[in-house]
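Examination of the molecular architecture
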Amino acid sequence: MKRTIAVTGAIGLAVFMGACGTDDTADDATTTEETTMTTEMTTEETTEEEMTEEPAATGNIVETAMAAGNFTTLTQALEAAGLVETLEGPGPFTVFAPTDEAFEALPDGQLDELLADPTGDLAQILQFHVIEGDVMAEDVMGMDGETVATLQGAEFTVEVEGETVMLVDGAGNRITVIQTDVPATNGVIHAIDGVMMPPA
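The paragraphs below set out a description of the structure included in this document. None of these values were measured; they are calculated from a predicted model.

1. A word on the overall build of the protein chain
- Helices and strands together make up the secondary structure of the protein chain, namely 9 helices and 7 strands.
- Within the protein chain, the fraction of its 200 residues that count as buried is 38%.
- For the protein chain, the share of sequence-separated contacts (at least 6 apart) that also reach a separation of at least 24 residues comes to 64%.
- Taken as a whole, the protein chain presents about 11500 Å² of accessible surface, with 52% of it coming from carbon and sulfur.

2. With respect to the sheet that holds strand β2 (residues 130–132)
- If you trace the 7 strands from one edge of the open sheet to the other, you get β2-β1-β7-β6-β5-β4-β3, paired in mixed fashion. Two strands in the sheet have a free side with no partner beyond their single neighbour: β2 and β3 (147–149). Strand-to-strand twist of the sheet, defined as the mean angle between neighbouring strand axes without regard to direction, takes the value 35°.
- Packing of helix α3 (residues 61–68) onto the sheet brings it into contact with β1 (93–98), β6 (174–184) and β7 (187–192), and relative to β7 it is tilted by some 40°.

3. Notes on the packing of aromatic side chains
- This structure, assessed with the given rule, holds 2 aromatic pairs.
- With centroids separated by 5.6 Å and ring planes inclined at 85°, the aromatic side chains of Phe-96 and Phe-156 adopt a geometry described as edge-to-face. Taken together, the residues span a long stretch of sequence, with Phe-96 in strand β1 and Phe-156 in strand β4 (residues 155–161) at a distance of 60 residues.
- Looking at Phe-96, the relative accessible area reads 2%, which means it is buried.
- With centroids separated by 6.0 Å and ring planes inclined at 80°, the aromatic side chains of Phe-128 and Phe-156 adopt a geometry described as edge-to-face. Highlighted residues: Phe-128 in the loop between α8 (118–127) and β2 and Phe-156 in strand β4, separated in sequence by 28 residues.

4. Here's the deal with empty space enclosed by the protein
- According to the stated counting rule, one finds 1 cavity of 30 Å³ or more in the structure shown.
- Space inside the largest cavity adds up to approximately 70 Å³.
- Around the largest cavity sit 13 residues that line it, and Leu-74, Leu-78, Leu-87, Val-95 and Ala-97 are the ones nearest its centre.
- For the lining of the largest cavity, the elements supplying multiple residues, two or more each, are α3, α4 (72–80) and β1.
- Looking at the lining of the largest cavity, the element that brings in the most residues is β1, giving 4 residues.
- Classifying every residue of the lining of the largest cavity by side-chain character gives 12 nonpolar, 1 polar and no charged.

5. A short note on the pattern of salt bridges
- Per the counting criterion, the structure on display carries 1 salt bridge.
- Linking Arg-174 and Glu-159 is a salt bridge whose minimum nitrogen-to-oxygen distance equals 2.9 Å. Note that Arg-174 is positioned in strand β6 and Glu-159 in strand β4, a separation of 15 residues in sequence.

6. Focus: α3
- Listed as buried for α3 are Ile-61, Val-62, Thr-64 and Ala-65. End-on view of α3: buried residues confined to an arc of 165°, all on one side of the axis. In α3, the exposed positions angled more than 90 degrees off the buried face are occupied by Met-66 and Ala-67.
- On its buried face, α3 sits against α4, α5 (84–87), β1, β6 and β7.
- Backbone nitrogen of Val-62 and a side-chain oxygen of the N-cap are separated by 3.0 Å at the start of α3; the cap is Asn-60.
- Immediately downstream of α3, the backbone of Gly-69 shows phi near 90°, a positive value.

What counts and how
Residues numbered from 1 in each chain as written. Predicted model: local features only at pLDDT ≥ 70, side-chain atom pairs only at ≥ 80, totals over all residues. Heavy atoms only, no water. Helix = DSSP H or I, 4+ residues; strand = E, 2+ residues; numbered from the N terminus. Buried < 20%, exposed > 50% of the residue type's maximum accessible area, 1.4 Å probe, protein only. Contact = heavy atoms within 4.5 Å. Areas by Shrake-Rupley, 256 points an atom, 1.4 Å probe, with all protein chains shown as cover. Pairing = 2+ DSSP bridges. Axes fitted to C-alpha atoms, helices over the stretch in contact; angles between N-to-C directions. Phe/Tyr/Trp six-rings, centres within 6.5 Å; stacked < 30°, edge-to-face > 60°. 1 Å grid on protein atoms, 1.4 Å probe; cavity = no way out; pocket = protein on both sides within 12 Å on 5 of 7 lines; lining within 4 Å. Points joined across faces, edges and corners; volume = space filled by probe spheres on them. Nonpolar A, V, L, I, M, F, W, Y, C, P; charged D, E, K, R; others polar. Salt bridge = Lys/Arg side-chain N within 4 Å of Asp/Glu carboxyl O. Arc of directions from axis to C-beta. Polar contact = N/O pair within 3.5 Å; in protein donor to acceptor, adjacent residues only side chain to side chain.

Here's what the structure looks like:
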């Protein structure tokens, strides 16, 4: 609306001045320049607002992971382990979610072994990736050296080096956070490039 009103005003002024026999080229040029500046400023403000607008959550943790497209193995594992209902609950939960590539990087045969006994070690490993509460990337950045209690019961350690966040699991592996703040209606997902293992 702001842009339309500004342009209409400039045209109306030019018509009115022409009807009165006034020929003020300088004033017309100034008015046109002001109108152009107003339009550009309005467009720029709108663009900045759109860029800073955070994506809205459209589903729970499980639905969001399924829709993302790069957590296919994780969602299949959650279903096999009987944890879907838990992560569809009210929460809130923060899930450090291994990508499909992270599962593919496991030693040959390990994923198949885990899926063969989904309510055993697989369930323990998956719960080790979940903590209670909404823990956003900004919060994680301030947790260098802190240990974090998981839904599984054991803890992992957060290490922050510059802009890089790594999670140290029970086996001493350092897993890097590669995507943050994927919103869900009952929490948030952060993608990681490896599968964390709880203490033996």
